[in-house]
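The lines below spell out each chain.
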Amino acid sequence: MSVTPVKPVLVGENDEVIRPSREQALEAVRTLLAWAGDNPDRPGLIDTPKRVVDAYGEWFDGYDADAAKELSRTFEDVQGYDDMVLLRDIEVESHCEHHMAPFLGKAYVAYIPNEKVVGISKLARVVEIYSRRLQTQEVLTNQIADAIESNLQPQGVAILIDAEHQCMTTRGVHHRHVSTITTRFTGVFKTDAALKDRFLKLAKG
Ligand SMILES: [Zn+2]
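No experiment lies behind these values; they were computed from the predicted model shown. (Residues numbered from 1 in each chain as written. Predicted model: local features only at pLDDT ≥ 70, side-chain atom pairs only at ≥ 80, totals over all residues. Heavy atoms only, no water.)

Visitor: What exactly am I supposed to notice about the coordination of the zinc ion here?
Guide: Where a metal carries four tetrahedral donors, each ideal angle is 109.5 degrees; where it carries six octahedral donors, the ideal angles are 90 or 180 degrees. With distances of 2.2 to 2.3 Å, the protein atoms coordinating the zinc ion are Cys96 (SG), His99 (ND1) and Cys167 (SG). The class for His99 is partly exposed, based on a relative accessible area of 38%. We classify Cys167 as buried; its relative accessible area is 12%. (Donors = N, O, S within 2.8 Å, 3.2 Å for Na, K, Ca; no water. Buried < 20%, exposed > 50% of the residue type's maximum accessible area, 1.4 Å probe, protein only.)

Visitor: Got a minute to help me understand the nonpolar core in this structure?
Guide: A general feature of soluble globular proteins is that nonpolar side chains tend to end up buried together. In this structure, Val109, Tyr111, Leu123, Ile144, Ile148, Ile159 and Ile161 are the most contacted members of the largest nonpolar core, which totals 30 residues. Mapped onto this core, the elements with two or more residues apiece are strand E2 (85–96), strand E3 (102–112), strand E4 (117–118), helix H4 (120–131), helix H5 (137–152) and strand E6 (156–165). If one sorts the elements of this core by residue count, H5 sits on top with six residues. Ignoring any residue separated from it by four or fewer positions in sequence, one finds Ile144 in contact with Val109, Val126, Val127, Tyr130, Ile159 and Ile161. Of all hydrophobic cores here, the second largest spans eleven residues; its members include Tyr108, Ala110, Ala158 and Phe189. (Core = buried A, V, L, I, M, F, W, Y, C linked by side-chain atoms within 4.5 Å. Helix = DSSP H or I, 4+ residues; strand = E, 2+ residues; numbered from the N terminus. Contact = heavy atoms within 4.5 Å.)

Visitor: Even after reading the chapter, I still don't get helix H1 (residues 22–36), so can you show me in this structure?
Guide: Every α-helix winds through 3.6 residues per turn, so residues three or four apart in the chain are directed the same way. The end-to-end C-alpha separation of H1 is 21 Å, in line with the 21 Å expected for 15 residues at 1.5 Å each. The set of residues buried in H1 consists of Leu26, Val29 and Leu33. What you see down the axis of H1 is that its buried residues fit within an arc of 60°, all on one side. Relative to its buried face, H1 has exposed residues pointing more than 90 degrees away, namely Leu32 and Trp35. (Expected span 1.5 Å × (residues − 1). Arc of directions from axis to C-beta.)

Visitor: Got a minute to help me understand the sheet that holds strand E7 (residues 180–185) in this structure?
Guide: Pairing between sheet strands relies on hydrogen bonds along the backbone, with the strands arranged either parallel or antiparallel. Strand order in this open sheet of five strands is E5-E2-E3-E6-E7, and the pairing throughout is mixed. Edge positions in the open sheet fall to strand E5 (134–135) and E7, since each of these has one partner strand only. By the bridge criterion, two bridges tie E2 to E5 in an arrangement that is parallel. Each residue of the ladder has a partner; that of Cys96, found in E5, is Gln135. Here H5 sits on the sheet and contacts E2, E3, E5, E6 and E7; the angle it forms with E6, its principal contact strand, is near 155°. (Pairing = 2+ DSSP bridges. Axes fitted to C-alpha atoms, helices over the stretch in contact; angles between N-to-C directions.)

Visitor: So what exactly am I meant to see when it comes to the environment of Thr74 here?
Guide: Looking at the element boundaries, Thr74 is found in strand E1 (residues 74–75). Judged by its relative accessible area of 24%, Thr74 is partly exposed. With 31 residues separating them along the chain, Thr74 and Gly105 place their C-alpha atoms 28 Å apart. What Thr74 contacts, discounting residues up to four positions off in sequence, is Lys116, Val117 and Leu152.

Visitor: Is there a simple way to think about the layout of surface pockets in this case?
Guide: If you add up the space inside the second largest pocket, you get close to 150 Å³. Forming the boundary of the second largest pocket are Glu58, Trp59, Glu93, Ser94, His95, Pro102, Leu104 and Arg132. Of all the secondary structure elements, the ones that give two or more residues to the lining of the second largest pocket are helix H2 (48–59), E2 and E3. In terms of residues, the lining of the second largest pocket owes the most to one element, E2, which gives three residues. By residue class, the composition of the lining of the second largest pocket is three nonpolar, two polar and three charged. (1 Å grid on protein atoms, 1.4 Å probe; cavity = no way out; pocket = protein on both sides within 12 Å on 5 of 7 lines; lining within 4 Å. Points joined across faces, edges and corners; volume = space filled by probe spheres on them. Nonpolar A, V, L, I, M, F, W, Y, C, P; charged D, E, K, R; others polar.)

Visitor: Just to check I follow, could you spell out the UniProt feature "domain: GTP cyclohydrolase I" (unreviewed entry) in the protein for this structure?
Guide: Sites flagged by UniProt as "domain: GTP cyclohydrolase I" (unreviewed entry) map to residues 27–203. Between the first and last C-alpha atoms of residues 27–203 the distance is 44 Å; the span itself is 41% helix and 25% strand. (UniProt positions renumbered as here; feature names shortened; annotations may be inferred.)

And the structure:
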C-alpha cells in the first residue's frame, strides 16, 4: 500500500505559523509511532494519536495566552510597601525546545514594587504561560523576568528556576538527579549584592 505524503504548509510567507488541522496532527503522531517501530493500527495504539494531540493541547496552551494581559491589572494602593514580594516553589512543567522532552522543577519569582503591585497568583500564571511553550530553561527564565519588568516597571526582578531535564536523565548522557539552576536579576537585585543574597536565601531556604 502506498502512503500519501502528508506535508502541510506550516509556516507562511511572513513567518507566521499556519496551524495544521487536527487530522494532520493525528497523522503526524501515527508517523512517529511507526518510526519508533510499532504498528499504529494495533488496538493498544489506535487511540494514542488522539490522546497525544489532546495532551499537546494542554502542554502547549501557553501559545494562546498573553502574559502582558495577566499583568495588566495592578493595584496602586500598597500603603508604602516597598520591599520584596517573593513567590516560592511555583511548579514548572515545561518542554525543552531541543528534544520536546519535559523539564520539571520549581520557580522562585521576586520583585520589588515601584508604587504598583500585581495579584500574586498572576506571577504564578506568568510562569505557567511561558512554561507551556517550547524554549530552553535559560530563555524561560528571561521571559518571566522581562514580562514582569516591562509590565510592572518594578525596582527590580529576581528569578530562579531549578529543574531536571528529562532529555538529560532518560537519554544521551543519562545523568539522573542533575538539576539545572538558572537565574536572572534586574534593577536593584543586580546592583545590590546583599539584596540578591537575601533573595537566594529566602528562595532556597
Ligand atoms: Zn533537551
